[in-house]
Amino acid sequence: MTENETNPQRPRNRSATETRILDAARVIIARDGFTALGVNAVAAEAGCDKKLITRYFGGIEGVVETLGGDLGFWVGPVPPKAQPNTSYADRMAELLTAYQATLTDNDLLQRVLAAELDSPSAALLAVEQKRTIAMGQWMAEARGPLTPPEGIDAPAINAVLLAALHYLTLRTRTTGSFAGVDLTSEAGRNRIYAALQTLLKQGLAP
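Residues numbered from 1 in each chain as written. Predicted model: local features only at pLDDT ≥ 70, side-chain atom pairs only at ≥ 80, totals over all residues. Heavy atoms only, no water.

### Quick notes on the overall build of the chain
Reasoning step 1: Check the secondary structure of the chain and you find 11 helices and 2 strands.
Reasoning step 2: Across the chain, helices and strands are ordered from the amino to the carboxyl terminus as α-α-α-α-α-α-α-α-α-α-β-β-α.
Reasoning step 3: For the chain, the residues scored as buried account for 40% of the 206 residues in total.
Reasoning step 4: Sequence-distant contacts in the chain: of pairs separated by 6 or more residues, those separated by 24 or more amount to 66%. (Helix = DSSP H or I, 4+ residues; strand = E, 2+ residues; numbered from the N terminus. Buried < 20%, exposed > 50% of the residue type's maximum accessible area, 1.4 Å probe, protein only. Contact = heavy atoms within 4.5 Å.)

Written out as structure tokens, the structure is:
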């Protein structure tokens, strides 16, 4: 059965079909969780022959890897260029705050992060590897020529703060608070943002 036989109203267009397949995968993860992702489920959601998933992506693993490399999905657009005389610490505070906003609004990304902790798999490992590369590219572009102070292990500091953002975001989905901070309120979120900036500016100070 061809794609047109599955849905005769859809023209044959590889690019459009690939987009529908990826969009379908995102819908399934957000609605049903990562474990529900499979060739049959994606084909049904996308309205296409499941053979096209193998032909275009090499199987569900290829769909997952393609999602993992989607820079815009993971981190959103690169924030505007840094203002003149902006320090490395100030710029990193801007970037992590922007990433936190993307993370807070992205239910699909939250589900993927939760699945990585709850039910890790080879497919999720592939996603994590692709996401790490994508975020590195995003950071490098957004950081520009700014470099961390000499003698500071900036990647490790950033890793700790990213882990904290991920965990606090997931706690917002479950208990709604952590260590007495109400993560669901604007006041609580502002406290987290302020703490993030303080830690960055002190940890990355020359």
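### Re the confidence of the model for the chain
Reasoning step 1: Residue-level pLDDT values for the chain average 83, and 90% of them are 70 or greater.
Reasoning step 2: Of the regions scoring below 50 in pLDDT, residues 1–6 engages in 16 contacts with residues more than four places distant in sequence or in other chains. (pLDDT = per-residue confidence, 0-100.)

### Description of the packing of helix H8 (residues 107–118) against helix H10 (residues 154–174)
Reasoning step 1: Between H8 and H10, the least distance of the axes is 10 Å, while the angle of their chain directions is 105°. The orientation of H8 relative to H10 falls into the category roughly perpendicular. Packed against H8, whose contacting residues are Asp107, Gln110, Arg111, Leu113, Ala114 and Leu117, the element H10 presents His166, Thr169, Leu170 and Arg173 at the interface.
Reasoning step 2: When its residues are assigned to classes, the contact of H8 with H10 shows 4 nonpolar, 3 polar and 3 charged. (Axes fitted to C-alpha atoms, helices over the stretch in contact; angles between N-to-C directions. Parallel < 35°, antiparallel > 145°, perpendicular 65-115°, else oblique. Nonpolar A, V, L, I, M, F, W, Y, C, P; charged D, E, K, R; others polar.)

### A look at the pattern of salt bridges
Reasoning step 1: For the structure shown, the criterion picks out 8 salt bridges.
Reasoning step 2: Salt-bridge contacts for Arg14 lead to Glu18; the nearest nitrogen and oxygen are separated by 2.8 Å. Of this pair, Arg14 and Glu18 both sit in helix H2 (residues 14–32), separated by 4 residues, roughly a single helical turn.
Reasoning step 3: Judged by relative accessible area, Glu18 falls into the partly exposed class, the value being 22%.
Reasoning step 4: Two residues, Asp90 and Lys201, come together in a salt bridge whose shortest N-O distance is 3.6 Å. In this pair, Asp90 sits in helix H7 (residues 88–105) while Lys201 sits in helix H11 (residues 186–203), placing the two residues 111 residues apart along the sequence.
Reasoning step 5: When its relative accessible area of 30% is taken as the criterion, Asp90 is described as partly exposed. (Salt bridge = Lys/Arg side-chain N within 4 Å of Asp/Glu carboxyl O.)

### Section: the side chain of His166
Reasoning step 1: Looking at the element boundaries, His166 is found in helix H10.
Reasoning step 2: Among the polar contacts listed, one links the side chain of His166 to the side chain of Tyr99, at a separation of 2.7 Å.
Reasoning step 3: The residues touching His166, leaving out its near neighbours within four places in the chain, are Tyr99, Leu103 and Leu113. (Polar contact = N/O pair within 3.5 Å; in protein donor to acceptor, adjacent residues only side chain to side chain.)

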